[in-house]
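Secondary and tertiary structure notes
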Amino acid sequence: MIKDRQAELARKNLDRKLAFLREQSLPRPHGGWIRAIRDSLGMTSRQLAKRMGVVQSRIIALEKAEATDATTLKSLREAAEALNCQLVYALVPKAPLDEIVRDRAAAKALDQFGPVAQGMMLENQSLTTGQMQEELARLTAEILNEPLRYLWEDE
């Protein structure tokens, strides 16, 4: 349980750090960040190539690769350094991490409970909506008490 508590604290801490990014909308410029920054600085592709120690055609290829999501973090980091920029890289959850965990547990609970509810209905022993919600909540809580790694196992 200590490990699970540590994971929960780490999740909450990470969520706090990433919350502001989730709220931001920072679409990549049409031609990519390298091109946008380079143009904004008034730097030619030849000049950037010299700063990076590569040939000019490599810059053109790098800018095209970035614009089509086909570049590497290493290449982006090198270009950022040559442009006197910092590469910022993050995976930003679309929802708070605790919410993602709860939603996954609820989905697993529904997967477990669905066939049981169906069988009860066929036997004319169906539960009321309130009883089903209570049972789903109980199953969800039970699943959340298990090690989180089980949430991601497909049954």
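Keep in mind that what you see is a predicted model, and the values were worked out from it rather than measured. (Residues numbered from 1 in each chain as written. Predicted model: local features only at pLDDT ≥ 70, side-chain atom pairs only at ≥ 80, totals over all residues. Heavy atoms only, no water.)

Some remarks on the pattern of salt bridges
By the definition in use, this model includes 12 salt bridges. D98 is paired through a salt bridge with K12; the nearest N and O atoms lie 2.6 Å apart. Note that D98 is positioned in helix α6 (residues 97-122) and K12 in helix α1 (residues 2-23), a separation of 86 residues in sequence. According to the relative accessible area criterion, K12 is partly exposed, its value standing at 31%. Note that D69 and R28 form a salt bridge whose closest N and O atoms lie 2.5 Å from each other. Within this pair, whereas D69 is found in the loop between α4 (56-67) and α5 (73-82), its partner R28 is found in the loop between α1 and α2 (33-41), the two being separated by 41 residues in sequence. In this structure D69 comes out as exposed when scored by relative accessible area, which is 61%. Overall, R28 belongs to the partly exposed group, its relative accessible area being 34%. Look at the salt bridges and you will find they share partners, linking E8, R11, K12 and D98 into a network. (Salt bridge = Lys/Arg side-chain N within 4 Å of Asp/Glu carboxyl O. Helix = DSSP H or I, 4+ residues; strand = E, 2+ residues; numbered from the N terminus. Buried < 20%, exposed > 50% of the residue type's maximum accessible area, 1.4 Å probe, protein only.)

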